[in-house]
Amino acid sequence: MEAEVDKLELMFQKAESDLDYIQYRLEYEIKTNHPDSASEKNPVTLLKELSVIKSRYQTLYARFKPVAVEQKESKSRICATVKKTMNMIQKLQKQTDLELSPLTKEEKTAAEQFKFHMPDL
């Protein structure tokens, strides 16, 4: 039994050695036949790195998803408050017959930016 185990171990060592040699030969062939692509990474290594990056992305997404939800809710509350405030101002203007002076250039720009960022209004 021990002899068979030793034989299997030697077979695995030979297979590992053969794979190392094949890798060495492939790297050598790539470097000699395609010197401009020798600096490129191994596709297998790139796939492993991509897997790590994907895992990091999923972790970040899980961490920041609640933040995005809260941000959206905050924006909705702000929009609702601004709408109420604008309605109140309009009612007060009607009740007092107060006319507003035309908006300045800066005020117009600010209003346009506000509408762009808050299209719900």
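About the criteria used
- Residues numbered from 1 in each chain as written.
- Predicted model: local features only at pLDDT ≥ 70, side-chain atom pairs only at ≥ 80, totals over all residues.
- Heavy atoms only, no water.
- Salt bridge = Lys/Arg side-chain N within 4 Å of Asp/Glu carboxyl O.
- Helix = DSSP H or I, 4+ residues; strand = E, 2+ residues; numbered from the N terminus.
- Buried < 20%, exposed > 50% of the residue type's maximum accessible area, 1.4 Å probe, protein only.
- UniProt positions renumbered as here; feature names shortened; annotations may be inferred.

This part is about the pattern of salt bridges. Taken as a whole and assessed by the stated rule, the structure comprises 2 salt bridges. In this structure, K14 engages D18 in a salt bridge whose closest nitrogen and oxygen atoms are separated by 3.0 Å. You can see K14 and its partner D18 sitting in helix α1 (residues 2-33), 4 residues apart, about one turn around the helix. Under the relative-accessibility criterion, D18 is labelled partly exposed at 34%. With its nearest N and O atoms 3.2 Å apart, the salt bridge here joins R77 to E70.

On to the UniProt feature "modified residue: Phosphoserine" in the chain. Per the UniProt annotation, the sites labelled "modified residue: Phosphoserine" are S101. Along the polypeptide, S101 turns up in the loop between α2 (43-96) and α3 (105-117). Assessed through its relative accessible area of 59%, S101 is described here as exposed.

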